[in-house]
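# Structure assessment
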Amino acid sequence: MRVCVVGTGYVGLVTGACLAAIGHHVLCIDNNAEKVARMQAGQSPIYEPGLEIVMQRAMQAGNLVFSTDLAMGVAHGEILFIAVGTPALPTGESDTRFVEAVARGIGEHLNGGYKVIVNKSTVPIGSGDWVRRIVLDGVADRQSDIAGFDVVSNPEFLREGSAVYDTMNPDRIVLGSDSPRAIQMMQALYAPIVARTYAADKSLPPVPVVVTDLASAEMIKYAANAFLATKISFINEVANICDRVGADITQVAHGIGLDSRIGHKFLQAGIGWGGSCFPKDVSALVHTAHDYGYEAQLLQATIRTNQQQRLLVVEKLQQALKILKGKTIGLLGLTFKPNTDDLRDAPALDVIEHLVRLGASVKAFDPIVADSNHPGLAKVTLTPTAEALAKGCDALVLMTDWPEFQHLNFDRLAPQMNHAIVIDGRNFLDPQTLEIAGFHYIGIGRPTSVNGVVAQLMQLSKSATLVESAA
Ligand code: UDX
Ligand code: UDX
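Residue positions are counted from 1 within each chain, in the order its sequence is given. In the order they appear in the text, chains get letters beginning with A and ligands get numbers beginning with 1. For a predicted model such as this one, the threshold for reporting local features is a pLDDT of at least 70, and the threshold for listing and counting side-chain atom pairs is 80 or more; totals across whole chains, interfaces and linings nevertheless cover every residue. The basis for the side-chain values is all heavy atoms of the structure; hydrogens and waters are excluded.

### Regarding the site of ligand 1
By convention in these notes, a residue is near a molecule or strand provided one of its non-hydrogen atoms lies within 4 Å of it. As a matter of local geometry, ligand 1 sits amid 20 residues, with D30, K35, T86, E156 and K280 nearest to it. Between ligand 1 and K35, the relevant distance is 2.6 Å, taken from an oxygen atom to a side-chain nitrogen or oxygen of the residue. T86 is positioned with one of its side-chain polar atoms (N or O) 2.7 Å from an oxygen atom of ligand 1. We get accessible surface area from the Shrake-Rupley algorithm with a probe of 1.4 Å; when it comes to residues, only the shown protein chains can shield them. When the free accessible area of ligand 1 is taken as 690 Å², the share hidden by the protein chains comes to 87%. Under the rule applied, a polar contact is a pair of N or O atoms within 3.5 Å (in protein, one hydrogen donor and one hydrogen acceptor; residues adjacent in sequence only if both atoms are side-chain atoms).

Below is the structure:
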């Protein structure tokens, strides 16, 4: 089928490339000419594992092209995806001006056959009818020129860092529309994915397709993200209680996760959630509820808990080092999660601002963010390696659970530091490994070592064993 995707960000580019990979003819439009030039050269402007190879293969097959020309995109596509950004405004509500601009532009260029216009961007509930009105504004008095269109809500559930996999192996596909014709076209579009033709496990039953009305489809997106965010804030709250009663949150999470109604996923306690979706989607849902006269107290608490959680590492640093003024703190990881270059609403940015305000010097090592003109990193010294990071630091703080951080040579990092202290903001490291390397390990809701006493005992027992075996 002929597809146009407008907006080639984390969602639009992955959606366009994957639809091209399953055989559709996709034209991706973006108003950022520099981005388009890079994509035309087969380069992905974002870091997303596997995306570039999918793009390049689809381009070689002649199924994927890029342009800044929206008119050409509208003429080409029988299905037009709107996948531009919907960031959160300071008030918490969604900023939908980009969606509005694109919807109007589509209306202005509509002049061919029947079209399906798809909201891929996360738009406030009730936006489906609003998009229809905006498109008609663009059509203006040329209604007789167009063969009609319908709007579909097709929310994305992609996780950054696994967006290509999630597109090809979705748990479900959600289609919201009041037009059977539009639904039928969308089901034809996704048929290969539903049939698991490109799935990692082809033996699985077909992907469930939820066909519903526009508002319910939009609510499914918001409710899913709000629930996942709430599950994380829940385990973080329990972790904070564990800190006080001496329980181990990793054991607690394992114990409750064995209940099939709870499950183990999204029970990793730490500094909480960031990124371009959870923060904006939860606050947008709270805002929508308020607009309709309902105070979503649970979701407001989910947001509050999360905001406090990220600064917990600063409190733990103050407990360990007392005065932070003049101290040097090294951050392991900057992005809001591993396998992405996305710094949007990353907890590290708030922690940096707080540490700088307290007079500390901040260094950081991130495997992907090697140099950045991000304003939030202006006062941060980026280092090329973890060893360079550790040099002269008074403490290390793990902010992002990059797998490679579990295999750092901590024996060599400890001697480089003024104080061998590590705050594990994601409960990602092994306390014993760190303690044997001479670190004072501090987790979130995890028993902490007492100045490495455990490590010394372990070291003693290790050397005692050696003496015995030598005798
Ligand atoms: C976006 C929304 O933020 C998110 O709510 C939704 O779930 C998926 O789409 P993302 O892909 O991260 O997420 O957006 P972003 O990375 O900001 O990319 C948007 C792209 O649209 C950018 O490349 C931008 O250049 C482009 N754009 C923006 C246009 O082409 N035209 C516009 O008018 C505005
Ligand atoms: C999320 C949703 O998972 C996805 O379905 C939706 O389409 C977009 O938003 P994403 O934001 O890319 O995806 O990342 P995700 O893996 O969900 O993690 C979000 C945040 O929660 C990250 O900051 C992560 O560190 C944090 N997190 C996740 C936890 O703190 N604990 C967990 O157990 C899981």
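### Some thoughts on the side chain of S121
By the secondary structure assignment, S121 is in the loop between strand 5 (115-119) and helix 6 (127-139). Using a 1.4 Å probe on the protein chains alone, a residue whose accessible area is under 20% of its type maximum counts as buried, one over 50% counts as exposed, and one in between counts as partly exposed. A residue is classified by how much of its surface remains accessible, and S121, at 9% relative accessible area, is buried. Within the local environment of S121, its side chain forms a polar contact with the backbone oxygen of V84, the two atoms lying 2.3 Å apart. In this analysis, two residues are considered to be in contact whenever any of their non-hydrogen atoms come within 4.5 Å of each other. Apart from the residues lying within four places of it in its own chain, the contact partners of S121 are I82, A83, V84, T86 and V99. Comment: elements are numbered from the N terminus, with helices defined as DSSP H or I runs of at least four residues and strands as E runs of at least two.

### A few points about the packing of aromatic side chains
We call Phe, Tyr and Trp rings a pair once their centres come within 6.5 Å, taking the six-membered ring for Trp, and we label the pair stacked below 30 degrees between planes, edge-to-face above 60, and tilted otherwise. Considering all chains together, one arrives at 4 aromatic pairs under this definition. Judged by centre distance (6.2 Å) and plane angle (85°), the ring pair of W273 and F278 falls under edge-to-face. Side by side, W273 and F278 carry an identical accessibility label, which is buried. In this structure an aromatic cluster arises from ring pairing among F266, W273 and F278. Its guanidinium or amino end placed over the ring of F157, R172 lies 3.5 Å from that ring's centre, counting from NZ or CZ. Looking at R181, its charged tip hangs above the ring of Y114, at a distance of 3.7 Å from the centre. Charge-over-ring contacts are defined here by two conditions on Lys NZ or Arg CZ: a distance within 6 Å of the ring centre and an angle within 35 degrees of the ring normal.

### A word on the state of the cysteines
Each disulfide is one covalent bond, formed between the sulfur atoms of two cysteines. When two cysteine sulfur atoms lie within 2.5 Å, the pair is treated as a disulfide. Enumeration over the complete set of coordinates arrives at 0 disulfides. With no disulfide of its own, C4 lies 7.7 Å from the sulfur of C28, the closest cysteine sulfur.

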